[in-house]
Amino acid sequence: MITAALRQNVTATWGEEGARWLERLPETLSEISALWDLVPGEPFDLSYHYVAPATLADGTPAVLKLGVPSAGSLAEEAPALTAFAGRGAVRLLRADLPRGALLLERALPGRRARDVPEPAATSAAVAVMRVLHVPSPPVLPDVLVQARAFDAYLARFPDADGPLPHAHVTTAAGLMRELCASSPSRVLLHGDLHHDNILEASRSPWLAIDPHGLTGDPAYEIGSWLFNPTPANRDPSLTALVPSRLEQFAAELGYPLERLVAWGFVKSVLSDVWTAESWVRGATWSPVSRAHDVASLLLAQLP
Ligand SMILES: Nc1ncnc2c1ncn2[C@@H]1O[C@H](COP(=O)(O)OP(=O)(O)O)[C@@H](O)[C@H]1O
Ligand SMILES: [Mg+2]
């Protein structure tokens, strides 16, 4: 039941604690299935959590999501889903955070936005963003906490000897702080809105899953869209979609284009900075994702 990708991601991210969680996973699964009286099915493609369709005792289709209890992100996902209250996102049916378990409404048919051509895919993101951005519960952190990743990178590589273009990181660090200080409003953000986290549903055309739960400028939300789906694919024709996506977001959401460009740049560099955290000095580095290409494209458009 534990795939190689799940083992790799969980141990790389949460170390010993992740390994212990993997070890106990079969037991946790049967414990929670008995507690919530559900029958789990074959898991979906696994990356950082164990996620499987499940059927409740009364036949209701649901989804069970299990994660590392203390270190993982379920503690933010649960309050974010509660605050969304089913508007633009799947409903949270039950939560047991000490066990690291969430029970979610199942999106059916569940087709992912990645399987929809542009511009319909970007319109799906717009539809979800329009309703998701409600007042944020106080427990959810400000997006500004993420700027610490830039500071940590620059403290580690003060002499431009790191794997990323130094100007990308210094520019993104300053720009993120300016964008946060000048936010026109602060709302509940999904925080990781990309093509695999928006699913086709029946009670609403599209529903988001897997929120990270942050508070901040609504325009922050478009950032991860620009280097997705398939962020490892550096085909230039995918990077070439960025200008039309940005124009579509600006037209359909009414946000200023320059703030969308700036957030797109910041979030792309942030993604690379997170990847670079596991880079060891001396190892070869080549840009590993399209985020680098998107950042380079957008840097030239910053005022
Ligand atoms: N509520 C849901 N309804 C239908 N499918 C879901 C649901 N939640 C998750 N999935 C499927 O499981 C996959 C992984 O779930 P996700 O919550 O995104 O996990 P991770 O945090 O590991 O990315 C999704 O890409 C989707 O295919
Ligand atoms: Mg996901």
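Note that this is a predicted model, so its numbers are computed, not measured.

Q: Honestly, the nonpolar core in this entry has me stumped. Any pointers?
A: Buried together is how nonpolar side chains tend to be arranged in soluble globular proteins. Within the largest apolar cluster, 75 residues are counted, with the highest numbers of intra-cluster contacts made by Phe150, Phe249, Trp263 and Phe265. No other element matches the 10 residues that helix 8 (residues 257-276) contributes to this core. For Phe150, the contacting residues outside a window of four places in its chain are Val169, Ala172, Ala173, Met176, Val266, Val269, Leu270 and Val273. Core analysis: the second largest hydrophobic core is formed by 21 residues, Trp14, Ile32, Ala54 and Ala101 among them.

Q: Hey, could you run me through the coordination of the magnesium ion (ligand 2) in this one?
A: In an ideal octahedron of six donors the angles at the metal are 90 or 180 degrees, and in an ideal tetrahedron of four donors they are 109.5 degrees. Taken together, the protein donors to the magnesium ion (ligand 2) comprise Asn197 (OD1) and Asp210 (OD), at separations of 2.2 to 2.5 Å. A residue pair is termed long-range when its members are at least 10 positions apart, and Asn197 in the loop between strand 6 (187-189) and strand 7 (198-200) and Asp210 in the loop between strand 8 (206-208) and strand 9 (214-216) qualify at 13 residues. Assigned by exposure class, Asn197 and Asp210 land together as buried.

Q: Teacher, can you tell me more about the domain arrangement of the protein chain here?
A: The accessible area lost on association of the parts is a frequent measure of interface size. Structurally, the protein chain comprises domain 1 (4-105) and domain 2 (113-299). With 15 residues of domain 1 at the interface, the matching set in domain 2 holds 19 residues. Here domain 1 meets domain 2 over a buried area of about 1400 Å², counting both sides, of which 66% is carbon and sulfur. Of all residues in domain 1, Glu76, Phe84 and Gly88 give up the largest surface area on contact with domain 2, accounting jointly for 37% of the area buried on that side. Our count for the contact surface shared by domain 1 and domain 2 stands at 2 salt bridges. Between Lys65 and Asp210 there is a salt bridge, with the nearest N and O atoms lying 3.0 Å from each other. In this structure, the connection of domain 1 to domain 2 is made through 6 residue pairs in polar contact (both at pLDDT 80 or more). With 7 residues, the single largest contributor to the side of domain 1 that touches domain 2 is helix 2 (residues 74-84). Split by residue class, the side of domain 1 that touches domain 2 holds 7 nonpolar, 2 polar and 6 charged.

Q: Before we go on, may I ask you to explain the site of ligand 1 in this structure?
A: The full set close to ligand 1 counts 16 residues, and His49, Lys65, Glu105, Ala107 and Asp210 are the nearest of them. Contacts to ligand 1 include Tyr48, whose backbone N or O atom sits 3.3 Å from an oxygen atom. Within the side chain of Asn197, one N or O atom sits 3.3 Å away from an oxygen atom of ligand 1. Relative to its unbound accessible surface of 550 Å², ligand 1 loses 89% to contact with the protein. Here the shell around ligand 1 is built from residues that sort into 8 nonpolar, 3 polar and 5 charged. Among the domains, domain 1 (4-105) and domain 2 (113-299) are the pair contributing at least three residues each to the shell around ligand 1.

Q: Sorry, what's going on with helix 4 (residues 148-156) here?
A: Owing to its 3.6 residues per turn, the α-helix brings residues three or four apart onto one side. Looking only at helix 4, the buried set comprises Ala149, Phe150 and Tyr153. With its buried residues spanning 100° around the axis, helix 4 presents them on a single face. Relative to its buried face, helix 4 has exposed residues pointing more than 90 degrees away, namely Arg148 and Ala155. At its buried positions, helix 4 is contacted by helix 5 (166-181) and helix 8.

Q: Quick question: what am I supposed to make of the sheet that holds strand 3 (residues 61-66) here?
A: To summarise the sheet geometry, strands pair through backbone hydrogen bonds and adopt either a parallel or an antiparallel arrangement. Spatially, the 5 strands line up as an open sheet ordered 1-2-3-5-4, and their pairing is antiparallel. The two strands at the open ends of the sheet, each matched to only one other strand, are strand 1 (38-40) and strand 4 (92-96). Pairs of neighbouring strands in the sheet enclose a mean axial angle of 25°, with direction left out of account. Across 4 bridges, the pairing between strand 4 and strand 5 (residues 101-105) is antiparallel. Paired with Ala95 across the strands is Leu102, a residue of strand 5. Of the strands in this sheet, strand 1, strand 2 (50-56), strand 3, strand 4 and strand 5 are in contact with helix 1 (residues 4-35), which crosses strand 3 at around 145°.

Q: Honestly, the packing of helix 4 against helix 8 in this entry has me stumped. Any pointers?
A: For any two helices packed against each other, the geometry is given by the interaxial angle and the distance between the axes. At a closest axis distance of 10 Å, the pairing of helix 4 and helix 8 adopts a crossing angle of 55°. When the axis of helix 4 is compared with that of helix 8, the two are oblique. When you trace helix 4 past helix 8, the crossing you get is left-handed. Here Ala149, Phe150, Tyr153 and Arg156 of helix 4 come into contact with helix 8, specifically with Val266, Val269, Leu270, Val273, Trp274 and Ala276. Of the residues that constitute the contact of helix 4 with helix 8, the class distribution is 9 nonpolar, no polar and 1 charged.

Q: Can you walk me through the packing of aromatic side chains in this structure?
A: Aromatic rings in a pair are described by how distant their centres are and how their planes are angled relative to each other. Inspection of the entire model under this criterion finds 4 aromatic pairs. Each ring, one from Trp14 and one from Tyr48, has its centre 6.3 Å from the other, and the planes form 85°; the classification is edge-to-face. One end of the pair, Trp14, is in helix 1; the other, Tyr48, is in the loop between strand 1 and strand 2, with 34 residues separating them in the sequence. Classification of Tyr48 by relative accessible area gives partly exposed; the value is 37%. Taking 4.8 Å as the distance between ring centres and 55° as the angle between the ring planes, the aromatic pair formed by Tyr153 and Phe157 counts as tilted. With relative accessibility at 4%, the residue Tyr153 sits in the buried group. Overall, the relative accessible area of 1% leaves Phe157 in the buried class. The rings of Tyr153, Phe157 and Trp279 are connected pair by pair, giving a single aromatic cluster.

Procedures and definitions
Residues numbered from 1 in each chain as written. Chains lettered and ligands numbered in written order. Predicted model: local features only at pLDDT ≥ 70, side-chain atom pairs only at ≥ 80, totals over all residues. Heavy atoms only, no water. Core = buried A, V, L, I, M, F, W, Y, C linked by side-chain atoms within 4.5 Å. Buried < 20%, exposed > 50% of the residue type's maximum accessible area, 1.4 Å probe, protein only. Helix = DSSP H or I, 4+ residues; strand = E, 2+ residues; numbered from the N terminus. Contact = heavy atoms within 4.5 Å. Donors = N, O, S within 2.8 Å, 3.2 Å for Na, K, Ca; no water. Domains from an automatic or database assignment. Buried area = accessible area lost by both parts, 1.4 Å probe. Salt bridge = Lys/Arg side-chain N within 4 Å of Asp/Glu carboxyl O. Polar contact = N/O pair within 3.5 Å; in protein donor to acceptor, adjacent residues only side chain to side chain. Nonpolar A, V, L, I, M, F, W, Y, C, P; charged D, E, K, R; others polar. Near = heavy atom within 4 Å. Areas by Shrake-Rupley, 256 points an atom, 1.4 Å probe, with all protein chains shown as cover. Arc of directions from axis to C-beta. Pairing = 2+ DSSP bridges. Axes fitted to C-alpha atoms, helices over the stretch in contact; angles between N-to-C directions. Parallel < 35°, antiparallel > 145°, perpendicular 65-115°, else oblique. Left-handed = near helix turned anticlockwise from the far one by under 90°. Phe/Tyr/Trp six-rings, centres within 6.5 Å; stacked < 30°, edge-to-face > 60°.

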